[in-house]
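Residues per chain are reported as follows:
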Amino acid sequence: MYAAIGAGLSVIGAGIGIGRIGGSAMDAIARQPEATAKIQTVMIIAAALVEGVALFGVVVSLMGL
Amino acid sequence: MNNPLVTPELGLIVWTTLVFCILFFLLAKFAWKPILKAVKDREASIEDALGLAEQTRKEMVALSANNEALLNKAREERDEMLKDARTVKDKMINDAKAIANTEAERIISSAKEAIQNEKLAAITDLKNQVATLSIEIAEKILKQELATAEKQRSLIDSAVGEINLN
Amino acid sequence: MQPILRGGKLRLMLKNNFIKTLVFSILSLIFVCSTQAQDYVEITPKHDENHKTESGDEKYDPIPAIMSHVADAHDWHFFDYNEHSYSMPLPVILWTEKGLVTFMSSAFHHDNLGHHAVEKNGMRFIKFNDRIYQLKDNAPVEYDIEYVTKPLDLSITKNIFAMLMSVALLFFVFLKTANFYKKNGAVAPKGIASFMEALIVFVRDDIARVNIGEKKYMKFMPYLLTIFFFIWFNNMLGLIPWIGGANLTGNIAVTLVLSAFTLVITNINGNKAYWGHIFWMPGAPAPVKILLLPIELVGVLTKPFALMIRLFANITAGHIVVLSLISLIFIFKSIAMSAVAVPFALFISVLELLVAFLQAYVFTLLSALFIGTAVAEHEHH
């Protein structure tokens, strides 16, 4: 139960983070369509890092399971 | 920490370390080294080929420029030659014309001379013939005049009569 | 003719995909079905025989099934049929105080609750929740937690077996690739080499060269390539039910070892500037330097620790999500639920293909980044 709440909470954070990354990447791509490939790479890395932080939360929830 | 998921097992750690080390050394020796070398070699060869192509392109540009210059030179030379030929031709024609003129004049003058000579010869001949004719006529007349002895006498008489004996 | 042909190809592809989907969903179904018969006791020893029958009619709890699937095991379990478990036994290797003990995991007769003790060299071993314990000599039949010790378990478990298979696959693929170049010289690659070369060049140019620098990247290429393909292959194999299925890169012990390698390689290659930044941050006032010292020292460990957790959590989370979706069928006790669960599970599985590559990429990228900071020349200080 608490594990689920914890996982949910970490997902909220990751959702906001990845959403912001995606939105900013969209803006950047709209501004500089020629840099799309580069922006995408950086975006995916940043998203993976944010996701990693969220998964830390999930792991901590798992530890309490 | 009671969840088995987040407690690493020693056995798995030992095995993973061992297997990964073996994998790393074998792949590094037998796979990555030749693959990376081949990729690098190929890239180098491609770079070389590209460099060569660039160099060839430059050479080609230089060569075509050279060709252009050569062509221009040839064209100029041809023009020059044509010009020369034209002058030579003109000169030849003029010379020929001059020679022809002088020849013609010479022929004409010689013809005129010949005509003159012929004319003179003809006149001389005519004169001779007239003279011959005159002599013949005179002979005939004389013969008739002096056909008889009386006539001869009368003539001698008249001639003796005319002589003045001084 | 061309568009018609293409249309035909597309239809064939769709059909192919459909078959794959079908096969996959059936496999997924069996994958979960096979664990349904098992039962688990949450707390350790002191067990009674009627516990198993008691929990029969209760609400289905997916957690034990999911956890047993993402965890390691001592045999390769395929399916259960008529109350009988079909699985491949794997060797158990134990290091006890009396020396090495080996036997096949089939000696436990699929017992996972500590009921069946295996006698070997005068020692008794039990298996409980996929971990092997040794019973003390004086343990009674109704033993308790005080009577068990944990010997050093060096068994070829499911994960280790999967790892050995993946290593064999890696050798096969890359020795074949290397062989291609050996045979043909530095020509344009064909077949398996053309596919792998693109990835090798990707690792070299977009990971190593960018993050480590032109001068030193070649030294670390073998490590980065090995770790990239090891993680990627195992991520992918883990997604295949039955054949792969082992959650190897989602096992914390494995990710621990991998990140430990990065930690060691980073620090033994650390130059003066790197250690200078850790112990005596240049350009900061003295009190700040003292304050930064412990933070930087902790940072040395947290970076690989984050690598470990990230890979473990990403892959395990993927497995858990797929299994949870399939578990919906059993929670709702209705086959109709599979109409929802299977497409969702398929969607997540496809997403996991991306994650499998991405996590291999991120792990390698961050390893390269850490190595890059350790070997970087700091001219501007």
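Residues numbered from 1 in each chain as written. Chains lettered and ligands numbered in written order. Predicted model: local features only at pLDDT ≥ 70, side-chain atom pairs only at ≥ 80, totals over all residues. Heavy atoms only, no water.

Engineer: Just checking my understanding: could you explain the packing of aromatic side chains for this structure?
Structural biologist: To describe a pair of aromatic rings, you give the distance between the ring centres and the angle between the ring planes. Residues and elements named next belong to chain C. Applying the stated criterion across every chain, the model contains 25 aromatic pairs over all chains. Judged by centre distance (5.6 Å) and plane angle (65°), the rings of Phe103 and Phe108 are edge-to-face. Neither Phe103 nor Phe108 differs from the other in exposure class; each is buried. Judged by centre distance (6.3 Å) and plane angle (80°), the ring pair of Phe229 and Phe233 falls under edge-to-face. Placement of both Phe229 and Phe233 in helix α6 (residues 217–238) is noted, with a separation of 4 residues, approximately one turn of the helix. (Phe/Tyr/Trp six-rings, centres within 6.5 Å; stacked < 30°, edge-to-face > 60°. Buried < 20%, exposed > 50% of the residue type's maximum accessible area, 1.4 Å probe, protein only. Helix = DSSP H or I, 4+ residues; strand = E, 2+ residues; numbered from the N terminus.)

Engineer: So what exactly am I meant to see when it comes to the nonpolar core here?
Structural biologist: Buried together is how nonpolar side chains tend to be arranged in soluble globular proteins. Membership of the largest hydrophobic core comes to 73 residues, with the highest contact counts inside it found for Trp32 of chain B together with Phe174, Tyr223, Phe229, Phe230 and Leu258 of chain C. Every element with two or more residues in this core is listed here: α2 (36–63) of chain A, α1 (10–145) of chain B together with α4 (158–184), α5 (192–212), α6, α7 (252–268), α9 (286–331) and α10 (338–375) of chain C. Of the residues forming this core, the biggest block, 15 residues, is contributed by α1 of chain B. The residue makeup of this core includes at least three contributed by each of domain 1 (7–30 + 159–375) and domain 2 (49–156) of chain C. If we skip the residues at most four places from it in the chain, Leu258 of chain C touches Phe20 of chain B together with Tyr223, Ile227, Phe230, Ile231, Leu311 and Phe363 of chain C. By size, the runner-up hydrophobic cluster in this structure holds 15 residues, among which are Leu55 and Leu62 of chain A together with Ile252 and Ile309 of chain C. (Core = buried A, V, L, I, M, F, W, Y, C linked by side-chain atoms within 4.5 Å. Domains from an automatic or database assignment. Contact = heavy atoms within 4.5 Å.)

Engineer: Can you walk me through the interface of chain C and chain B in this structure?
Structural biologist: Frequently, the measure chosen for interface size is the accessible area removed from exposure when the parts meet. With 53 residues of chain C at the interface, the matching set in chain B holds 36 residues. Buried surface at the junction of chain C and chain B, both sides included, amounts to about 3,900 Å², of which 81% is carbon and sulfur. The interface formed by chain C and chain B contains 4 salt bridges. Among the salt bridges present, the one from Glu43 of chain B reaches Arg204 of chain C, with a minimum N-O distance of 2.7 Å. In this assembly, chain C and chain B are joined by 5 residue pairs in polar contact (both at pLDDT 80 or more). Secondary-structure elements contributing two or more residues to the side of chain C that touches chain B are α3 (62–70), β9 (152–153), α4, α5, α6, α7 and α9 of chain C. Broken down by element, the residue count for the side of chain C that touches chain B peaks at 13 residues, all from α4 of chain C. (Buried area = accessible area lost by both parts, 1.4 Å probe. Salt bridge = Lys/Arg side-chain N within 4 Å of Asp/Glu carboxyl O. Polar contact = N/O pair within 3.5 Å; in protein donor to acceptor, adjacent residues only side chain to side chain.)

Engineer: Mind showing me how you'd approach α4 of chain C here?
Structural biologist: Given 3.6 residues per helical turn, the α-helix brings residues three or four places apart onto the same face. With 27 residues, α4 of chain C should cover 39 Å at 1.5 Å per step; its first-to-last C-alpha distance of 39 Å lies within 8% of that length. Just downstream of α4 of chain C, Gly185 of chain C is the residue with a positive phi angle, here 75°. (Expected span 1.5 Å × (residues − 1).)

Engineer: I keep staring at the sheet that holds strand β7 (residues 131–135) of chain C and nothing clicks. Help me out?
Structural biologist: All names here are of chain C. With respect to topology, 4 strands assemble into an open sheet ordered β5-β6-β7-β8, the strand pairing being antiparallel. One side of each edge strand has no neighbouring strand; the edge strands of this open sheet are β5 (118–120) and β8 (148–149). With 5 bridges joining them, strand β6 (residues 123–128) and β7 adopt antiparallel strand pairing. The residue bridging Phe128 from the neighbouring strand is Arg131, located in β7. (Pairing = 2+ DSSP bridges.)

Engineer: What's the story with the packing of α1 of chain B against α7 of chain C in this structure? I'm lost.
Structural biologist: Think of two packed helices as two axes; the pair is described by the angle between the axes and how far apart they sit. Where α1 of chain B meets α7 of chain C, the closest approach of the two axes is 8 Å, and the angle between their N-to-C directions is 50°. The angle between α1 of chain B and α7 of chain C places the two elements in the oblique class. Judged by the twist between their axes, the crossing of α1 of chain B over α7 of chain C is right-handed. Across from Leu12, Ile13, Thr16, Thr17, Phe20 and Cys21 of chain B in α1 of chain B, the residues of α7 of chain C making contact are Ala253, Val254, Leu256, Val257, Leu258 and Phe261 of chain C. A class-by-class count of the residues in the contact of α1 of chain B with α7 of chain C yields 10 nonpolar, 2 polar and no charged. (Axes fitted to C-alpha atoms, helices over the stretch in contact; angles between N-to-C directions. Parallel < 35°, antiparallel > 145°, perpendicular 65-115°, else oblique. Left-handed = near helix turned anticlockwise from the far one by under 90°. Nonpolar A, V, L, I, M, F, W, Y, C, P; charged D, E, K, R; others polar.)

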